[in-house]
Amino acid sequence: SGIVVGSPQQVLVDIDLKATGQNTNQRIPVAMTLVLDRSGSMSGQKLEQARRSVLQALEQMQDGDWFGFVAYDHAAQTLVPLQPVGPNRQTIRSTILNVRAGGGTQIPQGLERGFQTLQSAPAGYARRVVLVSDGIDGSGVGPQGVRTTVARYGQSGVTVAALGIGTDYDEPFLTAVADAGNGAYAYL
């Protein structure tokens, strides 16, 4: 009910702000490629969580956004070429649900394929690559090598983010990807 003057104390304040006026900012449309790790280390619950995350990202995209989907194990494969979300949402969803685990892990190949997929993005779109992986890489490139590769993508205007999956994810590797790509890093 009051603050005592002259005595040290901690005070917590809850501030509630409400914007007034009209929103003059328009959302920039997004062209995003999700790069999903489908290697053997992702089998079971990890792959299920990863698929749900990719589906959730797809559902949050607007009809005018563009979406591409790359999956990798010992090699990267474009499963959904970059295309408008609106008329293709159900087909993309089915493709994501049909991904199965198996094989080795070549994260740099997956990222490179995701970057290549974005080359057909329409002008004026924000371009994003999101890596969904446990970060356990078999390429031998290491965090510093992947950092160099991903930094090159940023020079062309692509932001790269990473989503770590599972309790054994390689945080240094995934953090290197996100830091070099000027993107966010999160753990699922």
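Here is what the cut-offs are and how they apply
- Residues numbered from 1 in each chain as written.
- Predicted model: local features only at pLDDT ≥ 70, side-chain atom pairs only at ≥ 80, totals over all residues.
- Heavy atoms only, no water.
- Salt bridge = Lys/Arg side-chain N within 4 Å of Asp/Glu carboxyl O.
- Helix = DSSP H or I, 4+ residues; strand = E, 2+ residues; numbered from the N terminus.
- Core = buried A, V, L, I, M, F, W, Y, C linked by side-chain atoms within 4.5 Å.
- Buried < 20%, exposed > 50% of the residue type's maximum accessible area, 1.4 Å probe, protein only.
- Contact = heavy atoms within 4.5 Å.
- Expected span 1.5 Å × (residues − 1).
- Arc of directions from axis to C-beta.
- pLDDT = per-residue confidence, 0-100.
- Pairing = 2+ DSSP bridges.
- Axes fitted to C-alpha atoms, helices over the stretch in contact; angles between N-to-C directions.
- Parallel < 35°, antiparallel > 145°, perpendicular 65-115°, else oblique.
- Nonpolar A, V, L, I, M, F, W, Y, C, P; charged D, E, K, R; others polar.
- Right-handed = clockwise from strand over helix to strand, strands pointing away.

### Overview of the pattern of salt bridges
At step 1: Going through the model one piece at a time under the given rule, you end up with 7 salt bridges.
At step 2: A salt bridge links Asp-65 to Arg-27, with the nearest nitrogen and oxygen atoms 2.7 Å apart. Within this pair, whereas Asp-65 is found in the loop between helix H1 (45-60) and strand S2 (66-72), its partner Arg-27 is found in the segment before strand S1 (30-37), the two being separated by 38 residues in sequence.
At step 3: Ionic pairing is found between Glu-112 and Arg-152, a salt bridge with its closest N-O pair at 3.0 Å.

### Let's talk about the nonpolar core
At step 1: If you look at the biggest cluster of nonpolar residues, it comprises 25 residues, and the most contacted ones within it are Leu-111, Leu-131, Val-150, Val-160 and Val-177.
At step 2: At the level of secondary structure, the elements contributing two or more residues to this core comprise S1, S2, strand S3 (76-84), helix H3 (107-117), strand S4 (126-133), helix H4 (142-155), strand S5 (158-164) and helix H5 (171-180).
At step 3: The greatest single-element share of this core, amounting to 6 residues, is contributed by H5.
At step 4: In this view, Val-150 contacts Leu-111, Val-160, Val-177, Ala-180 and Gly-181; residues no more than four positions away in its chain are not counted.
At step 5: In this structure, Val-30, Met-32, Val-80 and Val-99 belong to the second largest nonpolar core, which totals 23 residues.

### What to know about H4
At step 1: The end-to-end C-alpha distance of H4, which contains 14 residues, comes to 21 Å, matching closely the 20 Å that a straight helix rising 1.5 Å per residue would cover.
At step 2: Buried within H4 are the following residues: Val-146, Val-150 and Tyr-153. Projection of H4 onto a plane perpendicular to its axis shows the buried side chains occupying an angular sector of 35 degrees, all on one side. More than 90 degrees from the buried face of H4, the exposed residues found are Gln-144, Thr-148 and Gln-155.
At step 3: Residues of H4 that are buried in the fold lie against H3, S5 and H5.
At step 4: Immediately downstream of H4, the backbone of Gly-157 shows phi near 90 degrees, a positive value.

### Quick word on the confidence of the model for the protein
At step 1: Averaged over the protein, the pLDDT score is 92; the fraction of residues at 70 or greater is 98%.
At step 2: The spread of mean pLDDT over the elements of the protein runs between H4, the lowest at 88, and S2, the highest at 98.

### What about the sheet that holds S2?
At step 1: Spatially, 6 strands are ordered S3-S2-S1-S4-S5-S6 in an open sheet, and the strand pairing comes out mixed. Of all the strands in the sheet, the pair left with one neighbour each is S3 and strand S6 (182-187). For this sheet, the mean inter-axis angle between neighbouring strands, taken without regard to orientation, is 15 degrees.
At step 2: Bridge count between S1 and S2: 7 bridges; the pairing is parallel. Residue pairing for S2: Thr-33 is matched across the bridge by Gly-68.

### Points about the packing of H1 against helix H2 (residues 89-97)
At step 1: Contact pair H1 / H2: the axes reach a minimum separation of 10 Å and the direction vectors enclose 170 degrees. Classified by the angle their axes make, H1 and H2 are roughly antiparallel. Taken together, the residues of H2 that come into contact with H1 (itself represented by Arg-51, Val-54, Leu-55, Leu-58 and Glu-59) are Arg-89, Ile-92, Arg-93, Ile-96 and Leu-97.
At step 2: The residue makeup of the contact of H1 with H2, split by class, is 6 nonpolar, no polar and 4 charged.

### Observations regarding the pairing of S6
At step 1: Note that S5 and S6 share 4 bridges and pair parallel. In the sheet register, Val-160 faces S6, and the bridge partner there is Asn-182.
At step 2: Chirality of the crossover, the property in question, places the unit of S5, H5 and S6 among those that are right-handed.

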